[in-house]
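Breakdown of the fold
Listed below, chain by chain, are the residues.
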Amino acid sequence: MADVIMVPDISRTVQKWRKKRGSLIMALHEVQNRYGYVPRNVSLQLAQLMDVPLARIYEVVTFYNYFNLEPPGRNNVAVCLGTACYLKGAPEVFDAHKKALGLEDGGTTGDGEFHLQSVRCVGCCGLAPVVVMNGQTVSKVRPEGVRDLIARCRKEA
Amino acid sequence: MGKLNRDDLDRLESEYQESRQERDYIRVGMSTCGIAAGAEPVYRFLCEEIRRRALDVEVRRSGCLGMCHAEPLVEVSVAGAPRSLYGEVGLDAARRILDQHVEKGLVLAGMLASQDGLLAPPEETVPRIGRQLRIVLRNCGIIDPTKIEEYIARGGYQGLKRALFELGPESVIEEMRTAGLRGRGGAGYPAWLKWKLTRDAEGAEKYMICNGDEGDPGAYMDRSVLEGDPHSVIEGMLIGALAIGASQCYFYIRAEYPLAVDRIETAIKQARRMGLVGKNILGSNFSCEMEVRLGAGAFVCGEETALIASLEGRRGTPRPRPPYPAQYGLWQMPSNINNVETLANVGPLIARGGKWFASIGTESSKGTKVFAVTGKVRHSGLVEIPMGTTIREIVMDICGGAEGGKHIKAVQTGGPSGGVIPEELFDTPVSYESLQELGSIMGSGGLIVMDEDDCMVDIAGFYLGFCVEESCGKCAPCRIGGKQVKMLLDKISARRATAKDVTELRRICHAMQKASLCGLGQTAPNPVLSTLRYFENEYEALLQ
Ligand SMILES: Cc1cc2nc3c(=O)[nH]c(=O)nc-3n(C[C@H](O)[C@H](O)[C@H](O)COP(=O)(O)O)c2cc1C
Ligand code: SF4
Ligand code: FES
């Protein structure tokens, strides 16, 4: 996928963080919110704008799980494998997703439709097991219900 | 509303109280769990119907009441009928509530939600619900977290006022000492002592930091407090900043909690507008600024020195202590880090006094503790009990015991740093010391219930897998030892191990405990050692 160029509104938001000490991570959050990942071109410009070496940016991006270096899918499915969800059958729910989408953890379908990943606790443990579909938390998911969930997602997209 | 000074606060408190009491209302729980269970369409439906039917009823929103198993929750308070709380409310149920309860005053008994005898959210400022006593969760599920007025109406910012105008920094610390409040983030260090050390340390600047990283998967009380009662944490931060001599505060919150981030940011803006954050707070000569910073999905960043590295915009790797952050923290300046739950205690503690706080709990563990009870239990949710309550009371009485006729085998407290407690020991009263004696820890308050279907070797493997993935790799005992322990556990699970492997397992665990640099590696073996202590038979059954 072609890298995107830095659009003005991002350099403006980054500008806000530029004046503040230690805010590289906040600037990276802004970038990821905008693009869904941290594109290489944007990192290059970020290095200039924030006045830090590119290597520092990559050092930080690769340390933190939250940042992606690859573009995500159009639909993002995050299956919680935290303790509460694990005990309530999250591994089976995760397997059902892998099967239904033909993906491994962290994979994206060839058409870029779906990205699948496991996450650690989204703080909704009382309603385990949970899946976060495009930012929306779905509670008490059953493995049998996974195909429907994905079909609904496809239709809405 | 302009900036407040000390006398405005009391006036507003009674004004807001009166204006709240007069009205009929319906309240919908809108925290992450409520929304996940479908609260948003219910809220919209109620708003539209109330307008269409031209009823004089206000539709309000609130945070999490802690009864997560019964979400979405809807509370109804209309003249002529008892105030009631309905659980698992969908659109059909919402319509019936309007038809019967709101319009005719008839309570729909079959649809009520109840936990430990609670029929409706309580009205006292520090509520009792059956065996529960709610200091930290005093407003959660009761007020609208997006309205500062509602926090003030329930006695909010009175602790700050007393700290500013009656006590001053030194007496605040003295009051905290009398109270005996210990850190709720895991280690249980006395809050007053950390505040005093930071106050006494030399530095051109000092910083007050809130640890909202909540890394233990299965614990979510910090999220609920940040979402459901953000001002309670802000008030605690302000009192702490005053006590240690800081004029800048940082909230470090997990990026996985977008709603919590949003609610805190809104709350800071409101507080600033009313003169509770910023220059000359409540007209005093104390000034203090606040900002939010996000985590980025690294468990180790909950550790205080790693958190500081992350706040400085670097990789979150821990460093050896001492020096402690109280001497050498953010930007090398004296800094104090407290957990969300610790801070939420501070407002009422200072308003009512340290003696009051110290009257709750046990000899060495004062106050209450919030537990997130999840797993194989009927009523999962948040529970806040005075220290000294037994595990049996929490699991069996308050949370309704096992699901579906199964037998509960054990609970795990303290998450990946903690251990299991078998059912035979459920009569242990909860305190920092008692849990440690059992080989577990209080931790942040995750309490995971396991039943007869759960294999202890598998659980230990799960936690170890977590620690291996989250290890920052800086020191060898954790980086290499963790992997070896995980491999041995997998070998046991696959029935390929012998008794010699179990001896080796213990040996590596002890080495990790002694030689790891930070708490992650030091405590990672705990789930293995504690399952070995109480459920060695389950290991043996898998050996060759
Ligand atoms: C690996 C590791 C993870 C931690 N995670 C958290 C956390 O998520 N939240 C928290 O408040 N404290 C966490 N702590 C404890 C903090 O280092 C620190 O002790 C605490 O925030 C101090 O606040 P308190 O005194 O109010 O408890 C963690 C410690 C370790 C070693
Ligand atoms: S114990 Fe583990 S997490 Fe802590 S510093 Fe060492 S490698 Fe990093
Ligand atoms: S363990 Fe899945 S939401 Fe907490």
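Analysis parameters
- Residues numbered from 1 in each chain as written.
- Chains lettered and ligands numbered in written order.
- Predicted model: local features only at pLDDT ≥ 70, side-chain atom pairs only at ≥ 80, totals over all residues.
- Heavy atoms only, no water.
- Helix = DSSP H or I, 4+ residues; strand = E, 2+ residues; numbered from the N terminus.
- Rg over C-alpha atoms; globule rule 2.2 N^0.38 Å.
- Buried < 20%, exposed > 50% of the residue type's maximum accessible area, 1.4 Å probe, protein only.
- Areas by Shrake-Rupley, 256 points an atom, 1.4 Å probe, with all protein chains shown as cover.
- Lys, Arg positive; Asp, Glu negative; His and termini not counted.
- Charge placed at Lys NZ, Arg CZ, Asp CG, Glu CD.
- Near = heavy atom within 4 Å.
- Polar contact = N/O pair within 3.5 Å; in protein donor to acceptor, adjacent residues only side chain to side chain.
- Nonpolar A, V, L, I, M, F, W, Y, C, P; charged D, E, K, R; others polar.
- Domains from an automatic or database assignment.
- Contact = heavy atoms within 4.5 Å.
- Buried area = accessible area lost by both parts, 1.4 Å probe.
- Salt bridge = Lys/Arg side-chain N within 4 Å of Asp/Glu carboxyl O.
- Expected span 1.5 Å × (residues − 1).
- Phe/Tyr/Trp six-rings, centres within 6.5 Å; stacked < 30°, edge-to-face > 60°.
- Axes fitted to C-alpha atoms, helices over the stretch in contact; angles between N-to-C directions.
- Parallel < 35°, antiparallel > 145°, perpendicular 65-115°, else oblique.
- Left-handed = near helix turned anticlockwise from the far one by under 90°.

Below, the discussion takes up the overall build of chain B. Looking only at helices and strands, one finds 20 helices and 15 strands in chain B. Its C-alpha atoms give chain B a radius of gyration of 24 Å, within 12% of the compact-globule value 24 Å for 544 residues. Principal-axis analysis of the C-alpha atoms gives chain B an extent of 75 × 60 × 40 Å. Counting over 544 residues, chain B shows a buried share of 64%. Looking at chain B as shown, the accessible area adds up to about 19,300 Å², and 48% of this sits on carbon and sulfur atoms. Put simply, chain B has 64 plus and 71 minus side-chain charges, and the middle of one group is 3 Å from the middle of the other.

Residue and element names in this part refer to chain B. Not every one of the 18 residues close to ligand 1 is listed here, only the nearest: Gly-185, Lys-194, Asn-211, Asn-339 and Thr-342. One of the side-chain N or O atoms of Asn-338 is found 2.9 Å from an oxygen atom in ligand 1. Contacts to ligand 1 include Asn-339, whose side-chain N or O atom sits 2.8 Å from an oxygen atom. In the complex, the protein chains occlude 88% of the 610 Å² of accessible area that ligand 1 would expose alone.

Another aspect to go through is the site of ligand 2. Ligand 2 sits among 13 residues. The nearest are Cys-472, Lys-474, Cys-475, Cys-478 and Cys-518 of chain B. The class makeup of the residues in the shell around ligand 2 is eight nonpolar, four polar and one charged.

All names here are of chain B. According to the domain assignment, chain B consists of domain 1 (21–115), domain 2 (148–357), domain 3 (368–451) and domain 4 (456–540). Between the C-alpha centres of domain 3 and domain 4 there is a distance of 22 Å. Contacts between domain 3 and domain 4 engage 16 residues on the former and 15 residues on the latter. Buried surface at the junction of domain 3 and domain 4, both sides included, amounts to about 1,200 Å², of which 64% is carbon and sulfur. Considering only the side of domain 3, the residues that lose the most area to domain 4 are Lys-409, Pro-416 and Val-420, jointly responsible for 41% of the buried surface there. Among the salt bridges present, the one from Lys-409 reaches Glu-538, with a minimum N-O distance of 2.7 Å. Here domain 3 is connected to domain 4 by seven residue pairs in polar contact (both at pLDDT 80 or more). Partitioning the side of domain 3 that touches domain 4 into residue classes produces eight nonpolar, six polar and two charged.

Bringing helix H16 (residues 456–470) of chain B into the picture now. Residues spaced three or four apart along an α-helix face the same direction, because each turn holds 3.6 residues. With 15 residues, H16 of chain B extends 21 Å from end C-alpha to end C-alpha; this agrees with the ideal 21 Å at 1.5 Å per step. Inspection of H16 of chain B places Met-456, Val-457, Ile-459, Ala-460, Gly-461, Phe-462, Tyr-463, Leu-464, Gly-465, Phe-466, Cys-467 and Glu-470 of chain B among the buried residues, and these make up the whole buried set.

A word on the environment of Arg-162 of chain B. Residue position: Arg-162 of chain B is located in helix H6 (residues 158–179). As a C-alpha pair, Arg-162 of chain B and Trp-356 of chain B span 194 residues in sequence and 15 Å in three-dimensional space.

This brings us to helix H10 (residues 258–273) of chain B. Residue and element names in this part refer to chain B. With 16 residues, H10 ought to run about 22 Å at 1.5 Å a step, and its terminal C-alpha atoms sit 23 Å apart, in line with that. Of all the positions in H10, only Leu-259, Ala-260, Val-261, Arg-263, Ile-264, Ala-267, Ile-268, Gln-270 and Ala-271 are classed as buried. On its buried side, H10 packs onto helix H2 (32–37), helix H5 (148–153), helix H8 (221–228), helix H9 (230–244), strand E8 (248–253) and strand E9 (289–294). Gly-275 occupies a position one or two residues after H10 and carries a positive phi of about 80°.

Let us look at the packing of aromatic side chains. All names here are of chain B. The final tally for this structure, using the stated rule, is nine aromatic pairs over all chains. Taken together, a centroid distance of 4.9 Å and an interplanar angle of 70° make the contact between Phe-299 and Phe-466 edge-to-face. One end of the pair, Phe-299, is in the loop between E9 and helix H11 (304–311); the other, Phe-466, is in helix H16, and 167 residues separate them in sequence. Grouping residues by exposure puts Phe-299 and Phe-466 together as buried. For the pair Trp-356 and Phe-357, a centre-to-centre distance of 6.2 Å together with 65° between the ring planes defines the contact as edge-to-face.

Right, let's talk about the packing of helix H18 (residues 499–515) of chain B against helix H20 (residues 526–540) of chain B for a bit. Residue and element names in this part refer to chain B. Contact pair H18 / H20: the axes reach a minimum separation of 10 Å and the direction vectors enclose 160°. The pairing of H18 with H20 is recorded here as roughly antiparallel in orientation. Read as a crossing pair, H18 and H20 show a hand that is left-handed. For the pair H18 and H20, contact is made by Val-502, Leu-505, Arg-506, Cys-509, His-510 and Gln-513 and by Asn-526, Val-528, Leu-529, Leu-532, Glu-536 and Tyr-539, respectively. Here the residues of the contact of H18 with H20 sort into seven nonpolar, three polar and two charged.

Take the pattern of salt bridges next. Two side chains that carry opposite charge are able to pair once their charged atoms sit near each other. Residues and elements named next belong to chain B. In total, this model carries 43 salt bridges over all chains according to the counting rule given. Salt-bridge contacts for Arg-60 lead to Glu-58; the nearest nitrogen and oxygen are separated by 3.2 Å. With a relative accessible area of 6%, Arg-60 lands in the buried category. Overall, Glu-58 belongs to the partly exposed group, its relative accessible area being 21%. With a closest N to O distance of 4.0 Å, Glu-175 and Arg-162 form a salt bridge. Sharing partners across several salt bridges, the network here consists of Glu-49, Arg-52, Arg-53, Asp-99 and Glu-103.

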